[in-house]
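Given next are the chains, with one letter for each unit.
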Amino acid sequence: MALVRLLVLSLFQVSLVGSQPTQSPQQATGEQSSLGTGNLSFPWSRLRLPRYIIPLHYRLLLHPNLTSLSFTGSVQIEIDVQNNTNWIVLHSKGLDITKATILNQDLGLLSDQVLPVLHNPSHEQIGIFSPWVLSSGQKYFLYIEFGAKLAEGFSGFYKSTYRTSTGETRTLASTHFEPTSARMAFPCFDEPSFKANFSIRVRRSSEYISLSNMPVVKTVEVNDGLLEDRFDTSVKMSTYLVAFVICDFKSVTATTSSGVQVSIYAAPEKWQQTHYALEVAVKMLDFYEEYFNIRYPLPKQGALCVAKLHNISFLSYKHPSFPLVTRCCLLRCVFPLSDLIAIPDFQSGAMENWGLTTYRETSLLFDPLTSSISDKLWVTLVIGHELAHQWFGNLVTMEWWNDIWLNEGFARYMEYISVQATYPDLKVEEYLLDMCFSAVGYDSFNSSRPISSPAENPTQIEQMFDTVSYDKGACILHMLRHFLTEDVFQSGLVRYLHKYSYRNAHNQDLWDSLANTCSEEDFTSGKYCYSSSQASKNAYLFAGEHLNLTAMMHTWTLQKGIPLVTVSRKGPLLLLRQDRFLRTVMPSDPLWSASQQGFLWHIPLTYKTDASSTVHRHLMTTHTDSIHIGEEVSWVKINDDMTGYYVVHYEDGGWDEMTKLLLENHTALSYKDRTHLIHNAFQLVTAGHLPVNKALDLIGYLRLETHNVPLLQGLAYLSGFYQMIAFRNESDLKSNLGTYILRYFRSVIDQQTWSDMGSVSERRLRSNVLSLACDLEDPPCLKQAHQSFKDWLQSNGTLNLPTDVATTVYSVGAQDDHGWASLLHTYNISLSAAQQSKILFALTCSKDTNKLQRLLQWGLEGKVIRSQDLSYLIRMVARNSEGHHLAWKFVKKNWDTLVQKFQLGSSTIRNIIIGTTSQFSNPEELTDVKLFFESIKEEASQLRATQIALENIQKNVRWFQRNLETLRNWLNKRMK
């Protein structure tokens, strides 16, 4: 026997090495399974799975027990073997594998014995050994039985709970697999390129329903009242898009114009809050089907074929005597389905599982009595984002996680396009600038990364879901859309989606589709495009220049950072220079030259002048350039409406010209241009290119401002300065700045009403202005807020505050013990996630550190305050001048627990690290943060967030060193 085993292993090594010429035959060390592994060692040493076995079809059975909080299951995976081998290597994490066998194409057992299963926990892989060689070109079936506890966190197959109005706690089970957690629910080939079909069965008791990606085609009784829902076979998709939920929720349903049945699910007592989401989802699906010229990409299932499965007539499903569960099944199968469900415990905002999108309650539910206009916009944007993914991400998926921006950048940008088309009254275009400003802030740190970056292990992959993938990705698409024109951009996207449907794609595939180029094979088929050799002859013309789209976009996706375009005038010429924009390294620093080395962008410049209403265009591909604009031009505004992703600096008195223009005739520029100027000026102050008094002079025109967006931008910088100063021992400066803001914007504050009246833009301004006024302890604001809070308390829950000012009223009311306790009571009994979010924010505004400490502890325990809200809670305590050191100490003390709850590379950990340190601005605080990161060096070294946090503090320290006295002098002159 020993000789036979050695012979089999020898054959295996030849076949494995033959199929993977770069794979070392060295064996990886892993935990030995109890299933007779003998002397076998784990056969694979890489993080990525071998490519010699391809999954084709998963037949998955799951039986969750919501009492024992565990689940069992089995999976039969049809595989295509592409090289002779004795091993199947796939993913599994935390699963107890109880049985593994391999069947041939005729479903006959290859061996009558249970096969050895080896584990490599560090790579989250298992290896299954077959005593018989699996032959190249053949198909087999891998059958595995497994079980596990429902996960305690927010990934894999996990438990969630909600509380009814009577205080009863109910349990459900839900999934969240992106990016690498499907392996926690069933053994699988858990990489995005391993697309396969899925046939899923879920067993449940009769008081629950189950949902999955596809409609139920049949429900059967298994035994003792246990039901089994059998879902239709899915289209080819990646494992991270698989989903199933077992719950007792209720739903509302409607149908799109093309026949897609849309249902919104929520906890029974929150059912009334689902109607707005239903309206949005129907509108969005109709819009996307038209925009992409592709029907909702899940196949239609006819009621007739389903009826045959039950051996019933086509119409009998409508008869009242027909079993309700089957009747519902048939009704669900008449149309393609798109289910949206609000999960009570959810770490991120939402997840695009194909056909079953899952959401945090605040991202899906809308209560007209407690949800503000900002809440409404948020719900609309998130639904737009997740439904865009049904095409971008689900239909066409990135090949690997290094290009996750192909999913997330597109979905983020399509939020704005879809909401602008379907809900123009929400004025979503006013928020697009904020998204790009956010990207600039992140991208101007040296610790930023290219949009397309290497990522191999789960921690690295988790970190790809960041501002660069989402916001910067969306902003360069916005630039590209305006560069190529709307029609060219849209037709290119349609080409891309059609060509790569149910497949995986790379960056280059997108550029080829947008440039209308492809392979010679594609060209001869005449299906999508013309040849790449023709492309060079027919390149896009931009301002009379030939464009190599791939070369241009590589400068935006394969190098990190954002360009700074410095502009000066020399007679009729506009002189241009591009550098890398950094907020932590100044031109006077020794590191400046090294930090600029090798950076060059192809920048699609746009500009306006006072001499013409035309938007001029110029492609800048060199470090220095010039444009002839003529002697008669008195001013030039670069980056029209901020459609380009770059910062602009006006040298040699250029900012003085802009300040003069805004004071004399600010409407000569669009509101987007005015907002862009304000943003760029203050960013340049931070980077050391402009003194703070110049930026403050620029916003001196704001008393004349007629649009709310630039007004809010200017107020945001002033309130940001006030908040930073509040954290330092600068009481006189804090008082002077607060008095200046209240005095300067008195008329704006006094114009606000404590109501929900007006346009979306007016309501947004009201919410921000009144919040700021009360933060600055403006007496009229505090008086009105106190009275509104008193009236709300006395009404005993019968009075609903105006939603746009509710947060401000709650925050003022939370300052005394009775108000704080009353808000906490309302938080505990409220059925509105939107109201709970507003109250939680207000509770963190208390100046009582004991109360803040209590909140943090409750968030950690996860009972009074859900663990999903802990990150938000920590960050809100940190922005309180009485709580910022408290929050940081809490993070340091509970670091291990936080990582265990939220996973090391997750956005939650990133937000906690950056959020708790963002207000630090003195060298002592910087030293403290450095020392902590050194104490967790092994973990900190894996996180980009630690470098961002340190750079951010360094930026703050320098800001105060450079600007504090200038700001003090500027204010003193204006306070006389």
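Note that the coordinates shown come from a computational prediction; the quantities given were computed from them, not determined experimentally. (Residues numbered from 1 in each chain as written. Predicted model: local features only at pLDDT ≥ 70, side-chain atom pairs only at ≥ 80, totals over all residues. Heavy atoms only, no water.)

**Thoughts on the overall build of the protein chain**
Our working rule: A run of H or I in DSSP counts as a helix once it spans at least four residues, and a run of E counts as a strand once it spans at least two, with each numbered from the N terminus. Residue burial is assigned from relative accessible area. The probe radius is 1.4 Å, only protein chains are included, and a residue is buried under 20% of its type maximum, exposed over 50%, and partly exposed in between. In what follows, residue pairs with any heavy atoms lying within 4.5 Å of each other are defined as contacts.
Of the regular secondary structure elements, the protein chain holds 35 helices and 32 strands. In the protein chain, buried positions account for 61% of the 976 residues. Sequence separation of at least 24 residues holds for 71% of the intrachain contacts in the protein chain that already meet a minimum separation of 6.

**What to know about the confidence of the model for the protein chain**
Cut-off, in case you're wondering: The predictor attaches a confidence to each residue, called pLDDT, with possible values from 0 through 100.
Averaged over every residue, the pLDDT of the protein chain is 90; residues scoring 70 or more account for 89%. Contacts for the low-pLDDT stretch residues 300–334, under 50 throughout, to residues beyond four places or in other chains number 53 contacts. Counted against residues more than four places away or in other chains, residues 534–545, with its pLDDT under 50, gives 24 contacts.

**Concerning helix α29 (residues 870–878)**
Among the 9 residues of α29, 7 are classified as buried, and the element is accordingly described as predominantly covered. Residues of α29 that are buried: L870, S871, L873, I874, M876, V877 and A878.

**Brief notes about empty space enclosed by the protein**
Put simply, the rule reads: Cavities and pockets are found on a 1 Å grid laid over the protein atoms alone: a cavity is a set of points where a 1.4 Å probe fits but cannot escape, a pocket is an open set with protein on both sides within 12 Å along at least five of seven lines, and a lining residue has an atom within 4 Å of such a point. Grid points are joined across faces, edges and corners, and a volume is the space filled by probe spheres set on the points. Note on residue classes: Ala, Val, Leu, Ile, Met, Phe, Trp, Tyr, Cys and Pro are nonpolar, Asp, Glu, Lys and Arg are charged, and everything else, Gly too, is polar.
Inspection of the entire model under this criterion finds 5 cavities of 30 Å³ or more. Of the voids in this model, the largest cavity is the one considered here, and its volume is about 90 Å³. Counted by class, the lining of the largest cavity contains 5 nonpolar, 4 polar and 5 charged residues.

**Quick word on the side chain of H707**
Of note, H707 is situated in the loop between α19 (692–698) and α20 (708–726). Every residue in contact with H707, bar those within four places of it in the chain, is listed here: E430, Y671 and R674.

**Some thoughts on the state of the cysteines**
Applicable threshold: Count a disulfide wherever a pair of cysteine sulfur atoms falls within 2.5 Å.
For the structure shown, the criterion picks out 2 disulfides. Disulfide pairing places C436 opposite C475 at an S-S distance of 2.2 Å. Classification of the bridge connecting C436 and C475 rests on its S-S torsion, roughly -115°, and on that basis the disulfide is left-handed. Separated by 39 residues along the polypeptide, C436 in helix α8 (residues 429–443) and C475 in helix α10 (residues 467–484) bring together distant segments of the chain. The disulfide partner of C774 is C781, and the S-S distance across this bridge is 2.1 Å. Since a negative S-S torsion denotes a left-handed disulfide, the C774-C781 link at about -100° is left-handed. Each of the two residues, C774 as well as C781, counts as buried.

**Points about the packing of helix α30 (residues 884–893) against helix α33 (residues 923–935)**
To keep things clear, this is the line we draw: Where helices are involved, their axes are fitted lines through C-alpha atoms of the stretch in contact, as for all axes, and angles between N-to-C directions lie from 0 to 180°. Here the angle decides the label: under 35 degrees means roughly parallel, over 145 means roughly antiparallel, 65 to 115 means roughly perpendicular, and every other value means oblique. Should the near helix be turned counterclockwise from the far one by less than a right angle, the crossing is left-handed, whereas a clockwise turn marks it as right-handed.
One way to put it is that α30 packs onto α33 with a least axis distance of 12 Å and a crossing angle of 15°. With respect to α33, the element α30 is oriented roughly parallel. Every pair of crossing elements has a handedness; the one defined by α30 and α33 is left-handed. Residue-level inspection shows H884, H885, W888 and K892 of α30 in contact with α33, the latter providing E925, D928, V929, F932 and F933.

**Topic: the packing of aromatic side chains**
This is how it is decided: The rule is short: rings of Phe, Tyr and Trp, with Trp giving its six-membered ring, pair when the centres are within 6.5 Å, and they are stacked under 30 degrees, edge-to-face over 60, tilted in between. By the criterion adopted, a ring carries a charge over it if an Arg CZ or a Lys NZ lies within 6 Å of its centre and within 35 degrees of its normal.
Tallied over the entire structure, the rule returns 50 aromatic pairs. Taken together, F287, Y288, Y291, F292, Y296, W391, F392, W405, F410, Y496, Y500 and W511 form an aromatic cluster joined through their ring pairs. Seen from the ring of F960, R728 lies directly overhead, with NZ or CZ sitting 4.0 Å from the centre.

**Some words on the pairing of strand β16 (residues 261–266)**
What counts, and what does not: Strand pairing is assigned whenever DSSP detects at least two bridges linking the two strands.
Summarising burial for β16: 6 of the 6 residues are buried, a large majority. Across 6 bridges, the pairing between strand β15 (residues 250–255) and β16 is antiparallel. Pairing of V252 across the sheet is with I264, part of β16. The turn joining β15 and β16, which pair antiparallel and follow one another in sequence, is formed by 5 residues; a positive phi near 100° is taken by G259. In this structure, β16 lies alongside strand β17 (residues 337–343), joined through 5 bridges in parallel fashion. For V262, the partnering residue across the bridge sits in β17 and is S338.

**Digging into the sheet that holds β16**
Spatially, the 5 strands line up as an open sheet ordered β15-β16-β17-β19-β18, and their pairing is mixed. Unpaired on one side and paired on the other, β15 and β18 (350–351) mark the two borders of the sheet.

**Things to note about the pairing of strand β13 (residues 226–231)**
For β13, a buried count of 5 out of 6 residues is recorded, marking the element as mostly surrounded by other parts of the structure. Summarising the sheet, strand β10 (residues 197–204) and β13 pair through 4 bridges and their orientation is antiparallel. Looking at the pairing, V202 lines up with D229 of β13. As paired elements, strand β12 (residues 216–223) and β13 share 6 bridges and run antiparallel to each other.

**Observations concerning the layout of surface pockets**
Size it by volume and the second largest pocket reaches roughly 510 Å³. Every residue lining the second largest pocket is counted, 23 residues in all, and those nearest its centre are W792, G797, T826, S830 and Q835. Where the lining of the second largest pocket is concerned, the elements lending two or more residues are α24 (779–794), α25 (806–813), α26 (817–829) and α27 (833–843). When residues of the lining of the second largest pocket are assigned to their parent elements, the largest contribution, 4 residues, is made by α26. Class assignment for the residues of the lining of the second largest pocket results in 9 nonpolar, 12 polar and 2 charged.

**Observations concerning the environment of W44**
Inclusion rule: For this analysis, a polar contact is any N or O atom pair within 3.5 Å, provided that within protein one partner can donate a hydrogen and the other can accept it, and provided that sequence-adjacent residues contribute only side-chain to side-chain pairs.
Here W44 is to be found in the loop between α1 (2–19) and β1 (53–65). Counting along the chain gives 44 residues from W44 to I88, while the straight-line C-alpha distance between them is 9.9 Å. At a separation of 2.7 Å, a polar atom in the side chain of W44 contacts the main-chain carbonyl oxygen of R48.

**Examining the pattern of salt bridges**
So the rule is basically this: Salt bridges are counted wherever a side-chain nitrogen of Lys or Arg sits within 4 Å of a carboxyl oxygen of Asp or Glu.
In the structure shown here, the tally under the stated rule is 42 salt bridges. Salt-bridge contacts for R170 lead to D248; the nearest nitrogen and oxygen are separated by 3.4 Å. Of this pair, R170 sits in strand β9 (residues 169–176) while D248 sits in the loop between β14 (244–247) and β15, and the two are 78 residues apart along the sequence. According to the relative accessible area criterion, R170 is partly exposed, its value standing at 28%. In this structure D248 comes out as buried when scored by relative accessible area, which is 19%. A salt bridge links D375 to K838; the shortest N-O distance between them is 2.4 Å. Here D375, found in helix α6 (residues 373–389), pairs with K838, found in helix α27; they are 463 residues apart in sequence, far enough to count as distant. Salt bridges here are not isolated pairs; linked through shared partners, they connect R48, R51, E191 and E456.

**Notes on the packing of α25 against α27**
Running from N to C, α25 and α27 point in directions that differ by 40°, and their axes come no closer than 8 Å. Of the possible angle classes, the one that applies to α25 and α27 is oblique. Regarding α25 and α27, the two cross each other, and that crossing is right-handed. On α27, the residues that touch A806, T807, Y810 and S811 of α25 are Q835, K838, I839, F841 and A842. Class assignment for the residues of the contact of α25 with α27 results in 5 nonpolar, 3 polar and 1 charged.

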